[in-house]
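Examining the three-dimensional arrangement
The residues making up each chain are set out below.
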Amino acid sequence: MPNRRHGRAAAACIFCRQKKLKCDAVKPTCGNCLVKGIDCRQGTVVHKPRPTNNRIAQLESENEALRRRFSQGESGDVTTQESPRIPDMNSSPSQNTIVEAETPHPEAPDNNRRRSRSLYHGPTSTAYDDTQEDTRGDTNMSEEWSRHLLFAETARQRQLEPLNYAASKLDFDGVDPEIGTHLLSIYWSRQLYTAQIIYRPAFMRDMACNGPYFSKLLLNAIFFVVSKHCPRPELRSNPQDITTAGWRFRQRFAELLRDSFDKSEITTLQALLIMSNALFSRCDERSLSWLYAGNAFNMIIDLGLHVLPLTNAMSAEELEIRKRVLWGAYLIDKIQCLLQGRPPLLRQVDFNTPLEFLDEYDELDQFQSLTYTETHQPGIPSMNVTLLTKLCEVSIIIERILCDVYSESARDTRPSQDTNVSERIKSDLNAWRNSLPLQIDYLSYPTENAVLLPQSLCLLALYNILIILSQRPLITRNNTPIAHESITACTTAANQIVQILRDYSTRFSIPSAPYMLSYATYISATIHARIVAQKGKDCNAFHSLLFCRNILIEHTWIYAAAGKARGNLDKMIDHLGISLTERGDDTGEVVEQPVYDPDPVEVMPELGDLSQMNWELSDIDLDAIAEGFLVDRDLHYLMHPLS
């Protein structure tokens, strides 16, 4: 049989070759290009040669060196410099030669977008490098040097902030610079555990030079979070409705997130965590809040922020940023899980970063009373480093409460195991409180040098929340002495929360208080409601219950989650058969008292004074209260409003 040679197919266009499609070679536009609506071009496709391992290692080394120089301020804006193009020795200068990566079409990836490289792979991964050695030197010497370096650099950057503002170097993403600066000032003064995940010196420096620790996504997240605390009507979609404040920042955030959601970057995860916190408390959008936080935690692992580097190649600033981001995220995770009633996502066992912040500039920085009170309070240190450290420490205890007391597996444990777990948690909580500086724990150690800061009051309120949450499950056990002790502990904690709320209201503005106080208000009210159900209206517990309910009403205008908590509290009050009228008032109308009630409650007993712990329970049937908890198992969710 003679050989038959088929005619050579006409040359396919570049698009069909790239996509490996059958080209009909119709001129001037083939069928595939006609459908896609793109130019049909002919030419030789030259593929870029695959870089060698040596070349990849060289480029990574150069990139790391540039990043270190940039973080230390030794070079200009590295992020805006283009990498030198490596000439292709196999390519020809023919005009018909078209490089594949430079051919634009609708389905081609956007090559201008930054692609983040995953930095962390554990020992089970094929990408794990087990040839690395720990080359870290004298830790004590390097830490002491880093403290001085970071403090000096922070002081320098604080001086540069007004200069960069005056020179119009700060990028406010189209927002009026005066308004943008005001919003940033509110953020730095208000958001303790969310603000600390943003290292202010690096953020403000890179805001002036488009560096890696600043992004417009993060900036708009900050603006949205604090806009509710700014009275300016121009920030609101509806000038008469404060709940619409900052919505344009949220829209801008959503627009920018589309281009950042698929890349693990520190600024992206910071923005997600900040928005997650605001979406829950302010907007009551719990699912979206949870999803944002979950993606941020995944980025932390992908970037390897949970693992200390084995070498000293990383700058002191970058190490400080990694620690603040990790521990700040850990803290946010525990607070979110506490509020949402869900298991923690970040576990302490999964990271080895020490809880020690080296930059202590914020410790003695003057407290800014902006949005807290109209009265300026000069000469008060903010104590931000101490407060952040203590919040992180108590977050470790929160993880144990969530896992050992409220997890699904904990429900099947024996009563003796529950008692042992609760006793250990109680011991850890007492040890933590005893470690607080005396000027912060003013309830235990009344002194003229006490520092009453909004965040320190929130810290003490959080402690009492944890006492109630850790002791409450024991009330439903059949062991009567243990149940009585738990009721007493919960009542004492609830009374201390009321005292903290009254002290806060005399010094600061309750309506603009952090959401943590709103949550504490609800937890305290659930205990007071149980006491009132057994003791009646002629007791301080009834007065405290009304006080707590009115605070939730005050918070509803700025926190949507507070409105839901108040609704759950009203359900519980109705279920317990409590009529919310003043003592001696039979009109049946609920009395909405002002929060700033001049009639004080009794002075709270000092911590640990067992002789005074039952000051509200001296003439009450504790067995009846314990029985009430057993009867209400079908309404157990009411004791945890946000789960």
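Everything numeric here is computed off the predicted structure, so don't read it as measured data. (Residues numbered from 1 in each chain as written. Predicted model: local features only at pLDDT ≥ 70, side-chain atom pairs only at ≥ 80, totals over all residues. Heavy atoms only, no water.)

The UniProt record marks residues 12-42 with the feature "domain: Zn(2)-C6 fungal-type" (unreviewed entry), using the residue numbering of this structure. Between the end C-alpha atoms of residues 12-42 there is a gap of 7 Å, over a span that is 39% helix and 0% strand. (UniProt positions renumbered as here; feature names shortened; annotations may be inferred. Helix = DSSP H or I, 4+ residues; strand = E, 2+ residues; numbered from the N terminus.)

Let's shift gears to the side chain of Asp206. Summarising the element assignment, Asp206 is placed in helix H7 (residues 200-209). Taking relative accessible area as the criterion, Asp206 reaches 0% and is therefore assigned buried. Polar contacts involving the side chain of Asp206 include one to the side chain of Arg205, which spans 2.9 Å. (Buried < 20%, exposed > 50% of the residue type's maximum accessible area, 1.4 Å probe, protein only. Polar contact = N/O pair within 3.5 Å; in protein donor to acceptor, adjacent residues only side chain to side chain.)

If you check helix H10 (residues 266-281), its first and last C-alpha atoms are 23 Å apart, about what 16 residues at 1.5 Å a residue would give, namely 22 Å. Burial analysis of H10 places 16 of its 16 residues in the buried class, the great majority of the element. (Expected span 1.5 Å × (residues − 1).)

So, on to the nonpolar core. What tends to happen in soluble globular proteins is that the nonpolar side chains get buried as a cluster. Residues Leu184 and Phe203 are the most contacted members of the largest nonpolar core, which totals 153 residues. For this core, the element with the most residues is helix H12 (residues 316-340), which contributes 13 residues. Counting contributing residues, this core receives three or more from each of domain 2 (143-300) and domain 3 (425-580 + 610-639). Once residues within four sequence positions are removed from consideration, Leu184 is found in contact with Phe172, Phe203, Met204, Met207, Leu219, Ile222 and Phe223. Residues Phe15, Cys23, Cys33 and Cys40 belong to the second largest nonpolar core, which totals 9 residues. (Core = buried A, V, L, I, M, F, W, Y, C linked by side-chain atoms within 4.5 Å. Domains from an automatic or database assignment. Contact = heavy atoms within 4.5 Å.)

This brings us to the packing of aromatic side chains. Under the counting rule described, the total for this entry stands at 15 aromatic pairs. Taken together, a centroid distance of 6.0 Å and an interplanar angle of 75 degrees make the contact between Trp188 and Phe203 edge-to-face. With Trp188 in helix H5 (residues 177-190) and Phe203 in helix H7, the pair connects residues that are 15 residues apart, well separated along the chain. Side by side, Trp188 and Phe203 carry an identical accessibility label, which is buried. (Phe/Tyr/Trp six-rings, centres within 6.5 Å; stacked < 30°, edge-to-face > 60°.)

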